[in-house]
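Structure assessment
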Amino acid sequence: MRNKLPSYYQYWGKANKSFDQAGGNFHLLAYHSLDVAAVGKALIDEQRPLTFDIAIFLDIPPKQVQELVVLFLALHDLGKFASAFQKLIPSDQVNLFKPGHCDLYDGRNYRHDRMGLYFWQHIESLVFNELFSIFEVNKRDRQHAEIKKSLMVIMDCMLGHHGQPVDTKDVSAIKAFTEPTNMLAVEEFFRDVVDCLQPDLPLEKFSSKEWRKKLEQVSWQIAGLAVLADWVGSDSHFFTYQTEPIALEDYWLKAQQIAQKALAATDLNKAPIITPFQSIQAHYGYAPTPLQRWAETIEINDQPQLFILEDVTGAGKTEAALALTHRLMEAGAAEGFYFGLPTMATSNAMFARVAKHYQQMLTSEGAQPSIVLAHGAREMNDIFREAVLASGSTDTNYYQTDSTATAQCNHWLADSKKKALLAPVGVGTIDQALLAVLPRRHQSLRLLGLNRKVLIFDEVHAADEFMFELLESLLALHLHQGGSAILLTATLSLKQRQRLVNVWLNAGQFPSYPLQQQAFPLATKVALQQQSVLEQPLASRKDVSKEVAITTLNTLDACIDTILTAVAQGQCVVWVRNTVDDALAAFKNLQEQLENPEDCLLFHSRFVLADRKSIENKVLSIFGKHGDNSVRKGKVLIATQVFQESLDADADIMITDICPIDDLIQRAGRLHRHTRDHQGRHQANIHDARAQATLYIHAPEFTATPASDWLSKDFRNTQYVYRSPGRLWLGLRELLTLGAIRMPSEARQLIEAVYSDDAYNTIPATLTNQENQLIGEERSKAAKAKSQLLQWQQFGYSAESASGWYEDNSDISTRHSDIETVEVLLLKLNEAGQLAPWIDDEKFAVPLSTVKMSKHKFADKLQPIPATFANAVSQLEQQYQPIKYRQLWLPALDKNYTYHSTTGFCQVQKQEVL
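Now for a look at the structure at hand. Sequence positions are assigned chain by chain, starting from 1 and proceeding in written order. Local features in a predicted model are, by the rule used here, given only for residues with pLDDT of at least 70; side-chain atom pairs are given and counted only at 80 or more, and totals for whole chains, interfaces and linings are based on all residues. Just so you know, side-chain values use all the structure's heavy atoms and leave hydrogens and water out.

1. Considering the environment of T297
Applied cut-off: Helix numbers and strand numbers start at the N terminus; a helix is a DSSP run of H or I with at least 4 residues, a strand a run of E with at least 2. In this scheme, a residue with accessible area under 20% of its type's maximum is buried, one over 50% is exposed, and one in between is partly exposed, where area comes from a 1.4 Å probe on protein chains only.
Within the secondary structure, T297 is located in helix 12 (residues 290–297). Classification of T297 by relative accessible area gives partly exposed; the value is 44%. C-alpha of T297 to C-alpha of R327: the two residues are 30 residues apart in sequence and 9.6 Å apart in space.

This is the structure:
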C-alpha cells in the first residue's frame, strides 16, 4: 500500500445509522463498489448461457463480456463521491472526508445515481488515457466520438442501477453539489480500479458504430444485471461494513468469495437442472389428447420458436404447453418459464395446476427451484420457498426519495407479482411480463427475469388493441433475446393469428407469411431457423366435442321465470350478468321470490379478496366437479365475468346476458362442463344424465333491421361495457342461424362470422356509426400504446428510449381503460376502538381487506376518514407499509355506501317515503 492512502478511502458508501448514534456504522464507498462488481462477475460468469449469448451477439469472447461488465459496475456509484451526498450523515470520524461548502443534497432531482454522470463526463480524458492509450485517438475525429458513445452506452446501464436511466439534462448544474476534491478522489479511484481489475476489454470494437448499435440492443439485459448486482451487493448480512482501509486487490479477492455465498443464499444464480421429458402418459397418467400428442412429438430445437395452440376448453392446452416447454428446456432453448394469464383469478387457478407438475420438469442441487405466484397468496408462502436476500438488516435511506438498494430490493421482492419474473417458474397475470416493454422503474429487471424463459400466455384472444400492441412489442423483444413463446386460445380470429405470426417473422427479419388454414383445432409453429410456418389441423376428443342449444330471453321477467322453474325442478342455475349493478339487481329480485333466499349466491368483482376467496370456495363446493344433487339442488348463482374467468364450475341451466361471441363461447363452457349421473355426481366416460344442454341468452329481440338503439334501449349497461352493438348483432344472428353452439366443429365459423372483414360489411347501416366509432377508439388505443412503448429498437437503455420514465407504482398501465380504478382498503374499529384492516390476518390483512373500484363513480364519493383519526391512520401506515398506495375507507361512518360479505360493496338503498 502507498505511504499515503488515496483520498477515496475517506468516502463512505453505505451506512446503517447516523454516525453520531450508538451502534452507527458505515461501509467505505470503494469497497461497496467492489462488492457490486463481484456480484456482477458471478451473475455474468463466462459459462452462463446469457453471457454466451451476449458474447456471440457482440462478437467478443465471453470472458471479455464479463470483464467489461465488471469494470463498469465498479463505477456505478460515482455520484456518491459528491460532497452533498457525503454530508447526508454527519460524522466525527477522523478518517472520513469532511465536506466543505456545497448545495444540500437533492434526492428528488439530483440523486446520487444522476450525479455520477457529472463525474463520468469529467474523467472522460482520463478514461481514454487509461484504457485507449494504445490507440492514437484524436479528440476531434470520428473514432473518438464513437468510442465516447460506446462508453456512454455501458455507463448508462451502470448509472441506471436504481431501475431507470438517469436524466441527462442540465448536467452542469450538478457541479453545485460537489467540490474539486471530489473529482480528485474519483480520478484516483478509477486509476486504482483499473490497476486492480486489469480488465481485458474489446477496445478495438468501441470505435465501431455497428458494434455500438449491437451494444445498445444488449444494454437492456446489462442494465438488469446492474440492478440485481447492486441489490445483492448491498446485502450487509454478507458484505459486512469495512471501515478500515485495506488494499483494493486484497478486498477484491475477499469480495468475490462473499459474492458467491450471497448468491448461493438466493435462487438468483442457480440454473435449474432440466429433468428428461418422457411423455404425457408418464407425467400425467393418462393418454394424450390429439393436441398433447402433437406437443410431445413435433420437432423442436434450441432456437427461438413461436407456438399458437387453438383448441376447445378442456382439450388439455395447459398440459400441451407444459409438455412443449419441458421439451424446449431439455433442448437448451430455455431454463424456466412464466405462465401469464388474463386475470388474477385465473392465475390463482393455474398456479395450483402448475405447482403439481413443475417438480417433474425442474430440479436443483440442494432444493427445489422456486415457483412464485404473481400476486399475494397465503398458500404460496406456506408451501414454497421464495428467492429473497438472506438478511433482514437494512441500510439507512439516503433521502426520503432516494432509497438504498437494500430497501428497494426488499420492497420489490416482497411483491410476489414482480418476483415471479425472477423465479425459475412464475405464474401470474400477463401484465407483469408486458411491463418489460414500458418505461417503468425496474423494467430492465423484468426483462432480465424473462431471459432464457418460455413465455406461455393464455387466452390471448382477450387482448384489446392496446394490450395487443404491447404484446407484439414484448414478443419481438423476447425473440430478440433468444426466447420462445407459446400462446393458448380457444377463440382466436384469423386476423389476430396472422398478426402474431407476422410479429415473430418480422422481428426475425423475415417477410410476412399468409396463413392458409381455417381448421379448428389447430397448432401453428413458427421457426425462424428453417424460415418455416407450420399450420397443423388436429382432431378433437369426442368427450370435449359439445353441442349447446340456443334460446333467447328478451326480458328480465323471462329470465326470472326460467330460473324459478329450474329451481322448482331441482336444477342448479347460473346467470352471468355483464355488470355488477345488474348482478346486484338480479340478486335482490331473486332473493325476494325464492322460497329459500339463502339458496341464491352472488359473485362479482367488488368483494374484498378474503370474501371473494370464501365465495369462490362455496361456489366450487356446490357447482364444482365434486358437488352432487345433495348440494346442487335448487341453488342459484348470480355472477359477473369473474365466473367465466376463474372457476372450474358446472351449471345445469345457464342464462347469460348478450356478450361478444368469444366470451359467450367461454361462458357456455361452464354449462354441463362435467358429465354427471342421475344423482348429479361427476363421472368420467359416461353419458350425461341431464337433458340437452341449453344456453339462454338474455338479449334484445333479434331483427334483420335493428334500430340504432337496438341494444341500448333495454341493455344500456351492456352497451356501456361492450360498445359494439353491431358485433353483438352479428353474433346473435349467427347463433340463431345455427341454432346451437357446436364445438369444435363450428368454432371457427362462429368467430369469423363476427370478426372477419367480410362480417363487418354485413352490419346493418343503423349500427355502423357506433361500430366505426369503436374502431376509431381501438385505433386510438393502439396509438396510445405505441406512444408509451419503450423504443428499444432505436435506442439502448437510456433516457432517450422513452418520453418519460415512471415509478413502479405509477398509472402507466398494460391495459387501456376509460374507467380509472382505485384500490380501496376497508377499515373497521376493533374492540379497543382502534382502526384496523377489515379482515384480521397476521400476514395479509391489507390485501385481504382491499377492493378495487371506479375512482370517479365510487371512490371519490366515499366518506373520508375524519381528521380525528389522523393519529390512528398514522399508526396504521407505520404498521402496514402498503397502505400508502391505497384509499382508506371506514364503511361504518358512510351514509351512502356500505359493504357486506354477502353483497360486497354497494350503494345504500334509500328508504322510500310513503
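2. Structural notes on the side chain of T289
Quick note on the threshold: The term polar contact refers here to a pair of N or O atoms within 3.5 Å; inside protein, the definition further demands a hydrogen-donor-capable atom paired with an acceptor-capable atom, and it admits residues adjacent in sequence only when both atoms are side-chain atoms. It only takes one pair of heavy atoms within 4.5 Å for two residues to be counted as in contact.
Note on placement: T289 falls in the loop between helix 11 (280–284) and helix 12. Engagement of the side chain of T289 in a polar contact is seen with the backbone oxygen of A315, the distance being 3.1 Å. With residues up to four places along the chain from it excluded, the contact list for T289 reads A315 and R541.

3. Points about helix 3 (residues 62–73)
This is how it is decided: The length a helix should cover is 1.5 Å for every residue beyond the first.
Taking 1.5 Å of rise per residue, the 12 residues of helix 3 would be expected to cover 16 Å, and the 17 Å separating its terminal C-alpha atoms lies within 8% of that figure. When you tally the buried positions in helix 3, you get 10 out of 12 residues, the bulk of the element. Restricting attention to buried positions, one finds in helix 3 the residues Q64, V65, Q66, E67, L68, V69, V70, L71, F72 and L73.

4. Some points on the pairing of strand 14 (residues 573–576)
We apply this condition: Strands are labelled as partners when DSSP assigns at least two bridges between them.
In strand 14, alternate side chains face the same way, and those of V573 and W575 on one face and V574 and V576 on the other are all buried. In terms of strand pairing, strand 14 meets strand 16 (residues 636–639) through four bridges, oriented parallel. What sits directly across from W575, in strand 16, is I638. Strand direction decides the pairing type here: strand 14 and strand 17 (residues 653–657), joined by four bridges, are parallel.

5. Quick word on the environment of L620
In this fold, L620 is placed in helix 24 (residues 609–623). Put simply, L620 and L647 are 27 residues apart on the chain and 7.3 Å apart in space, counted from C-alpha to C-alpha.

6. A look at unusual backbone geometry
F520 connects to P521 through a cis peptide bond whose omega is 0°. Within the element layout of this structure, P521 appears in the loop between helix 21 (494–507) and strand 11 (522–527). At the junction of M743 and P744, the peptide bond is cis and its omega measures out at 5° in the coordinates. Within the element layout of this structure, P744 appears in the loop between strand 19 (740–743) and helix 30 (747–755).

7. Thoughts on the nonpolar core
Formally: In these notes, a set of buried Ala, Val, Leu, Ile, Met, Phe, Trp, Tyr and Cys residues joined through side-chain atoms within 4.5 Å is what counts as a nonpolar core.
Judged by nonpolar contacts, the single largest core of 151 residues is most densely connected at F72, F81 and F457. A per-element tally of this core places helix 9 (residues 209–233) first, with 13 residues. Excluding anything up to four places from it in sequence, F72 contacts W120, L151, I154, M155 and M158. Listed in part, the 72 residues of the second largest apolar core include I615, Y722, L848 and V851.

8. Overview of the packing of aromatic side chains
To keep things clear, this is the line we draw: The rule is short: rings of Phe, Tyr and Trp, with Trp giving its six-membered ring, pair when the centres are within 6.5 Å, and they are stacked under 30 degrees, edge-to-face over 60, tilted in between. Look at NZ for Lys and CZ for Arg. If either is within 6 Å of the ring centre and within 35 degrees of the ring normal, a charge sits over the ring.
This structure, assessed with the given rule, holds 25 aromatic pairs. An aromatic cluster of at least three residues, connected via ring pairs, comprises Y8, Y9, Y11, Y31, F81, F97, F189 and Y251. Here the basic side chain of K214 rests over the ring of F57, its NZ or CZ set 5.7 Å away from the ring centre.

9. Some points on the sheet that holds strand 13 (residues 546–553)
Spelled out, the test is: Fitting a line to C-alpha atoms yields each axis, with helices limited to the stretch in contact; the angle taken between N-to-C directions then spans 0 to 180 degrees.
Pairing is mixed across the open sheet formed by seven strands, whose spatial order is 15-16-14-17-18-13-19. Where the open sheet ends on each side, the last strands, each with one partner, are strand 15 (600–603) and strand 19. For this sheet, the mean angle separating the axes of adjacent strands, direction not counted, is 20°. Inspection of the sheet shows strand 13 paired to strand 19 by four bridges, in the antiparallel sense. Across the sheet, the residue bridging to E547 is R742, located in strand 19.

10. Describing the pattern of salt bridges
It is possible for side chains bearing opposite charge to pair when their charged atoms get close. To keep things clear, this is the line we draw: One speaks of a salt bridge when a side-chain nitrogen belonging to Lys or Arg is within 4 Å of a carboxyl oxygen belonging to Asp or Glu.
A full pass over the atoms with the stated rule returns 43 salt bridges. Between R612 and E616 there is a salt bridge whose closest N-O contact spans 3.9 Å. Here R612 pairs with E616, and both are found in helix 24, just four residues apart, close to one helical turn. This pair shows no difference in class: R612 is buried, exactly as E616 is.

11. So, the packing of helix 2 (residues 49–58) against helix 9
Our working definition: Working definition: roughly parallel below 35 degrees, roughly antiparallel above 145 degrees, roughly perpendicular at 65 to 115 degrees, and oblique for all remaining angles. The handedness criterion is simple: a crossing whose near helix is rotated anticlockwise from the far helix by less than a right angle is left-handed, and one whose near helix is rotated clockwise is right-handed. In the scheme used here, Gly and all other residues not listed as nonpolar or charged are polar, with Ala, Val, Leu, Ile, Met, Phe, Trp, Tyr, Cys and Pro taken as nonpolar and Asp, Glu, Lys and Arg as charged.
Relative to each other, helix 2 and helix 9 sit at 165°, their axes nearing to 9 Å. Looking at the two axes, helix 2 sits roughly antiparallel to helix 9. In this structure, helix 2 crosses over helix 9, and the sense of that crossing is left-handed. On helix 9, the residues touching L50, I54, F57 and L58 of helix 2 are W211, K214, L215, Q217, V218 and L225. Within the contact of helix 2 with helix 9, the residues separate by chemical class into eight nonpolar, one polar and one charged.

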